[in-house]
Structure formats: C-alpha cells, structure tokens
Amino acid sequence: FDYAGKMEFDIGYTRRDLMQIKAAKNDLVVYIITGENEKDIVKQFRKIIGRSYIPPFWAFGYGQSRWGYKTEQDIREVAKRYQAAGIPLDSIYLDIDYMERYKDFTVDTERFPNLKALAEDMKQQGIHLVPIIDAGVKIEKDYDVYEEGVQNNYFCKNAEGGDFVGAVWPGRVHFPDFLQPDARKWFGKKYAVLTEQGIDGFWNDMNEPASFRGPLPDDVVFPGDDMPRQHKEVHNVFGHLMAKATYEGIKKNSGKRPFVITRACYSGTQKYSTAWTGDNQSIWAHLKLSIPQLLNLGMSGMPFVGTDIGGFGSNTNPELLSRWIQASCFAPLFRNHCAKFSRCQEPWQFDKQTLDIYRTYVRLRYRFIPYLYDLFYEESRTGMPIIRPLVMHYQRDPEVRECNDEYLVGDRILVAPVTDQGVHVKAVYLPQGTWIDYWTKERISGGKYILRDAPIDVCPIYIKGDSIIPAWPQLDHIPDGGSEELILEYYPASADSSKYVHYQDNGADFAYEAGEYNLYRFRADKDGELSVSMEHEGYEHHYETLRVEVY
Ligand code: MIG
C-alpha cells in the first residue's frame, strides 16, 4: 500500500481469518506481489522500492551510545575503557547534550571545546563519532538555521499559513518541510558544519516527527514542491525524506558513503539510511521481540537495522545484557544505547563474567565482518536481507513457519539465542542438512529439534555443512580498506569441495559503482587445497594472506 498518510492495519486481530487495512484516502496505490516463495516476493518488492548502497566498512563495527554522555572527557573515557577491556569499538554516539541548547548543527564549546581535534584523535584510535540531529529546529533569533528556514519558507505551516510551532528539546521549534527539494538540499548542506570537523556519520532522531505536545495536528501543511499536503497525508515519509536530505548532503559534502541512522523510515529508506527500532526497554520481552522485529524489517526492504542493545529505558542487568549482546551479535546495526535515567550499561559496569561474555561476542562479530560485508553486497543487488527467518531458506519445512527465536545469517550461519531469564538450555530447531556446532564442532544432522546446553556464556550457533565462511583475524577496529589477511573457515560435510564468492572494495566511497572492486571465487577441497580465481578484478588492493582453516 503506497500511502504515506494515516492507515490502520488489523491483521487477524479482530477476526483471525480477516485482514483489514483502512486508509483515509480512496485512490490508494496497491501493489499485489505474487511469487513462488518468500525470497521471490522480497526481491520483487525491492525492485519496486529501489536498491540500497553498500555502507562504509566502519558501519559494520560496534558502537557505544548513551543519552547522558555530556563532555569530551566522557567520550575519551568510553574509548579508553573499551581499549582497556580489549573489546573492539568503531563508533561512539553523541546524544543531544553535545549541542548548544539542543540547536541542530551547533556544538556546545564548553563541553566540547574542540570537536575537530576530538574527532581526529578518535579516528586515530579507529573510532568514528556519530552525533544526533533532531527534526525540530529551535526558534531563536539570529540562529542561522531558524532564520534561513523562515526566510525561505522551508518550514511546515499551520492552518492559518504561519510557521507551525511544536515543542521538542530546544523548546519551541519549527519542522522543516522535507517534501521540498530545496529544503532538503538546504538542510543536507547544514551537515557540513560537522562533516568539516571530521564527522562522517549521523543519527537522525525525533523524525516521525515527534513533538512533546502530542502528535502534530492533522492539518499542519507541508507546502512541498508541486502542491501543498496535509500532515495526515504525509506523516509517514517525514523521517524518510529527512534521511534522504542527510544522505545527499553528506555524499555531496564528502563524496564518501554516508552512514546515517534514523528512527522513522518508510519503504525506500534503505537507499539512504540504517534504522534502529527506537525506545525499547531493558526487559526480557523486548529482547525476545527484537528477533522478529529485525527479521520483519529485513524482509520489508529495510535490512540495515538494530535494536538498542541492553535496552533503552529502565535498568538492565548482567544476565539480560549478556543475552542481548549474544542475540544481536549478527544484527546489521550493532549498538549499545540507553536512556539518561537508566543504569549505565557499558559492559564494564558489571562483573568480570559479563565483561568476558561481552568481549567474546563482540569479537565474534568482528571475526565475521567480511561475511556480513559479502551479504551486503548481495543485498545491494538482490534485496535479500542479511539476517533471515528460517522460512526464507526452508520454505517447505512446516516447523520453521513460525520460528521467531532463531535466525539465519545469509544461508550459512544459524543463530539460536536464549531470550528468557534464567534459562540455560535451548530447544534449537535445525532444518534439513548437516549442521556444525560452532563452539564444539560437533556435527548434527538436521530436520529435528535438539536441546543445546546454553549456560550464560553460550549462544548456540551452527554452521551449515559444506560452507566456506570468510573471516578476519582478531582486530580492535575495522581497518580502512579492510584487513590484510582473510581467513576462510571451511566446514566440509558431504561434498568433495565447496565454493564461495567474496567481495572486496575500499569500503569508503562510491568507486565500486564504477567497477573498482574485486570478486574472488574460492574453491576448497576436502584435503584443504584452495584454489582462487578472479571473477572481477577492479580494485588494486589485494589480500596479503589467505588462510584456510578446515573444521
Ligand atoms: O525524547 O535524544 O529514541 O535514542 O537517546 C527522547 C534523546 C529523545 C529519543 C531517542 C533516543 C535518544 C533520546 N531521544
């Protein structure tokens, strides 16, 4: 249903056998997509909503955030603690307190006397800063964003024709009319204030748009470019168009692949941004929910997504945090974030066991980054999500139809996280085929449930037999351009040899679109013999070392 206004979805809720969708419009565009299977449908849907781009390498790393980091010292401290703990880290987020009185595109120079120097120092340590930008623009005389927006009619209007006034963190605000191409260009350019200081990732928030005075009235006017529209007709594309403004602004300012994370999105946002699932709570129910949430988003054309690891609101605890990092270690967007009034939840806030578990799973994530990157390459071409419900690959198996507590990473890794308090054993369903327990290397033939011991430090993970999986040696940060060494984990089962196609590019800009990338075709034999051929050779940099590990 291609409609950005108010709709109601009632899917088997009022009546189990009835799906009702209501819209406040009678000439909706409705697409009916038919297909052989889930894969088919997802791919066709992606053809309609458009492709995505391959995100910058560092976006696959781990990020730490907290609404509460206030000063440069806080940020340096986070970097130091991660380094001391031996936990890889690629980004630290700056929540609203870095701004001068919550004004977009300003920096509080008392708390951050030299953001540029800080950003540079952090980059030396392999860490990218990702500041937040809110949708509401503070109403304040002589504030450039406000003044320019008013002068050029870039803000949304109230029914009487004046600039609409909402209330968010800065106090009284106007909202940019992101439906206007000029307003988008203008807002997008503003990010230069920060990109010029070495910032290359942004976090767009409150862009539903959200106002402290409740939802925006239905009749707020978006002047747009061709015809004015009312809020009630366009609400759902506000975040999407803000992300587009951000993406296009950064791309123009820097030429690099943008990294954007947005709270609100729409079909098509995968072209511009990643998304996180907003304000969850540090409760078991929300950990459990995170799996179907991320899988459904992936199948709905939005593959680069994640939840706030540890939970945003309320207080996390060691067990919950341990399970959350395990369940999320293959989530495309991989970030720990929490709210101001919640207990601090960086991994070192707890006991040694929690820290050790946390380290193990973040390192595991980094090990498999080349595999995730290959999946993004595939995703950018076909729309196949990174993490997938089992039903996408085992369509005929009735056992997996409602499997919401396991997921596949690509089609070679199966993750079965524990998402219940106090539970130390997991009933894992393994579909047809040979599966290798990642931790014990035990071989199990699938098509059945098994009970896997899952003490607090174990997240059950299985590798599909006959797989080759590319991996990196242990790294603390994602190096620019990737690792010099590539490891191929090979899990022979029934076949005499296995194949794998691996993608490599500079991880930074759009040169790959002009053919600057390599595609390696690997073939491994049971005796550990590896042969390599180049399917595409356009990127001058090659690996120094290739190592095969046969399991
Ligand atoms: O009213 O910027 O979802 O991640 O930490 C809350 C403060 C505003 C909501 C976001 C959350 C962020 C918080 N923001």
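Residues numbered from 1 in each chain as written. Predicted model: local features only at pLDDT ≥ 70, side-chain atom pairs only at ≥ 80, totals over all residues. Heavy atoms only, no water.

K.L.:
Before we move on, can you summarise the side chain of Thr246 with the specific residues and values?
P.N.:
Here Thr246 lies in helix H8 (residues 238-254). Of the polar contacts made by the side chain of Thr246, one reaches the side chain of Tyr191; its length is 2.9 Å. Those residues in contact with Thr246 that sit more than four places away from it in its chain are Tyr191, Phe202, Asn204 and Val260. (Helix = DSSP H or I, 4+ residues; strand = E, 2+ residues; numbered from the N terminus. Polar contact = N/O pair within 3.5 Å; in protein donor to acceptor, adjacent residues only side chain to side chain. Contact = heavy atoms within 4.5 Å.)

K.L.:
Requested: an account of the packing of aromatic side chains, with residues and values cited.
P.N.:
The geometry of two aromatic rings is summed up by the distance between their centres and the angle between their planes. In this structure the tally under the stated criterion is 49 aromatic pairs. Centroid distance Trp67 to Trp169: 5.3 Å. Interplanar angle 70°. Geometry classified as edge-to-face. With a gap of 102 residues between them, Trp67 in the loop between strand E3 (63-64) and helix H2 (72-85) and Trp169 in the loop between strand E7 (166-168) and strand E8 (171-174) connect regions that are remote in the sequence. You can call Trp169 partly exposed: its relative accessible area is 32%. A centroid spacing of 6.0 Å and a plane angle of 35° characterise the contact between Phe330 and Phe368, whose relative ring orientation is tilted. (Phe/Tyr/Trp six-rings, centres within 6.5 Å; stacked < 30°, edge-to-face > 60°. Buried < 20%, exposed > 50% of the residue type's maximum accessible area, 1.4 Å probe, protein only.)

K.L.:
Tell me what's going on with the side chain of Arg323, and back it up with residues and numbers.
P.N.:
Turning to its location among the elements, Arg323 is positioned in helix H10 (residues 318-327). Glu319 provides the closest opposite charge to the buried, salt-bridge-free Arg323, at an N-O distance of 5.1 Å. In terms of polar contacts, Arg323 uses its side chain to reach the backbone carbonyl oxygen of Pro455, at 3.4 Å. Excluding anything up to four places from it in sequence, Arg323 contacts Trp284, Leu287, Val418, Val423, His424, Ala454, Pro455, Ile456 and Val458. (Lys, Arg positive; Asp, Glu negative; His and termini not counted. Salt bridge = Lys/Arg side-chain N within 4 Å of Asp/Glu carboxyl O.)

K.L.:
Requested: an account of the pairing of strand E28 (residues 518-525), with residues and values cited.
P.N.:
Here is the key point about a regular strand: its side chains alternate between the two faces of the sheet. Bridge count for strand E27 (residues 497-504) against E28 is 8 bridges, and the pairing is antiparallel. Across the sheet, residue Ser498 finds its bridge partner in E28, namely Ala524. In terms of strand pairing, E28 meets strand E29 (residues 530-537) through 7 bridges, oriented antiparallel. Bridging across to E29, Arg523 finds its partner in Ser531. Connecting the antiparallel pair E28 and E29 is a turn made up of 4 residues, with Gly528 showing a positive phi of about 90°. (Pairing = 2+ DSSP bridges.)

Distances and angles like these do not, on their own, reveal function.
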